[in-house]
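Structure at a glance
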Amino acid sequence: MKRQSLHIRDLCMISLFTAVIVIMAQIVIPMPFGVPFTMQTFAITLAGIVLGSKNGAIASIIYIMLGAIGLPVFANFTGGWQSIIGPTGGFILSFPLLAYLTGLGVELRSKWKGVSILALTLGTCLNLFCGALMFSSITGSSFIAGITACVVPFIPASIVKAILAYILGFNIRKRLQTFL
């Protein structure tokens, strides 16, 4: 059985992208239904594209763990379990899946050209679905109300963030491969 381990380079890149996620989470635009527009998903997607499935997911898990222990790393400098189990917690809890799926699409793109776009789309939809599901569960509203509050207003921004992360991520990935 082949044992895989993380190298110092991987640990540094994971740490760097965890910091990028923390910084990007502080770019917040309040929205009417209580779910703010943030750049967290942009950073998570970027981590998945640049770091790959495993390391991108690890960076997002570390980010969630930092917030869970109370560090103010989530949007609006919040932290603690209340953020994770609150109305917007579904978005946060699905970040590792978003990073993993996006990274997996990048890793498999040589076998099938469209898989990276498909994986990015699937990861984004899964993130929005989990966010709406937890929002409706916590607030006691219908799932349709959750979709209305948590998905519909964010569709245009999610598309733009995904496209930008895709373009920027592949450029960063290409440049890093020449250095690493």
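The text that follows walks through the structure, step by step, so that each part is easy to find. The structure presented is a predicted model; accordingly, all values stated were derived computationally and were not measured.

Definitions and limits used
Residues numbered from 1 in each chain as written. Predicted model: local features only at pLDDT ≥ 70, side-chain atom pairs only at ≥ 80, totals over all residues. Heavy atoms only, no water. Phe/Tyr/Trp six-rings, centres within 6.5 Å; stacked < 30°, edge-to-face > 60°. Helix = DSSP H or I, 4+ residues; strand = E, 2+ residues; numbered from the N terminus. Buried < 20%, exposed > 50% of the residue type's maximum accessible area, 1.4 Å probe, protein only. Axes fitted to C-alpha atoms, helices over the stretch in contact; angles between N-to-C directions. Parallel < 35°, antiparallel > 145°, perpendicular 65-115°, else oblique. Left-handed = near helix turned anticlockwise from the far one by under 90°. Contact = heavy atoms within 4.5 Å. Nonpolar A, V, L, I, M, F, W, Y, C, P; charged D, E, K, R; others polar. Expected span 1.5 Å × (residues − 1). Core = buried A, V, L, I, M, F, W, Y, C linked by side-chain atoms within 4.5 Å.

**Let's talk about the packing of aromatic side chains**
Evaluated as defined, the whole model comprises four aromatic pairs. Look at Tyr63 and Phe74: their rings are 5.3 Å apart centre to centre, the planes differ by 85 degrees, and that puts the pair in the edge-to-face class. Of this pair, Tyr63 sits in helix H3 (residues 53-68) while Phe74 sits in the loop between H3 and helix H4 (81-84), and the two are 11 residues apart along the sequence. Note on Phe74: relative accessible area 2%, which makes it buried. With a centroid separation of 6.4 Å and an interplanar angle of 40 degrees, the aromatic rings of Tyr63 and Phe95 are classed as tilted. Linking Tyr63 in helix H3 with Phe95 in helix H6 (residues 95-108), this pair joins segments that are 32 residues apart in sequence. A single burial state applies to Tyr63 and to Phe95, both of which are buried. Taken together, the aromatic side chains of Tyr63, Phe74 and Phe95 make up a single cluster linked through ring pairs.

**Overview of the packing of helix H2 (residues 40-51) against H6**
Closest axis-to-axis distance for the H2/H6 pair is 7 Å, and the angle between their directions is 40 degrees. As judged from the angle between their axes, H2 and H6 are oblique. The chirality of how H2 crosses H6 is right-handed. Across the interface between the two elements, Gln40, Thr41, Ile44, Thr45, Gly48 and Ile49 of H2 pack against Phe95, Leu98, Ala99, Thr102, Gly103 and Val106 of H6. When the residues that make up the contact of H2 with H6 are grouped by side-chain class, the tally is six nonpolar, six polar and no charged.

**Focus on helix H9 (residues 155-179)**
With 25 residues, H9 extends 36 Å between its outermost C-alpha atoms, agreeing within 8% with the 36 Å of an ideal straight helix rising 1.5 Å per residue. Within H9 the residues assigned to the buried category are Ser158, Lys161, Ala162, Ala165, Gly169, Phe170 and Arg173. On its buried face, H9 is in contact with strand E2 (37-38), H2, H6 and helix H7 (115-139).

**Concerning the nonpolar core**
Core analysis: the biggest nonpolar cluster contains 35 residues, and Phe17, Leu51 and Tyr63 have the highest contact counts within it. Counting residues per element, the ones that place at least two in this core are helix H1 (8-25), H2, H3, helix H5 (89-93), H6, H7 and helix H8 (143-150). For this core, the element with the highest residue contribution is H2, accounting for seven residues. Not counting residues within four places of it along the chain, the set of residues in contact with Leu51 comprises Met13, Ile14, Phe17, Gly56, Ala59 and Arg173.

**Structural notes on unusual backbone geometry**
Positive phi outside glycine occurs at Asn76, with the angle close to 60 degrees. Locating Asn76 in the fold gives a position in the loop between H3 and H4. In this structure, Phe77 takes a positive phi of about 55 degrees despite not being glycine. Locating Phe77 in the fold gives a position in the loop between H3 and H4. Look at Phe77 and you get exposed, because its relative accessible area is 59%.

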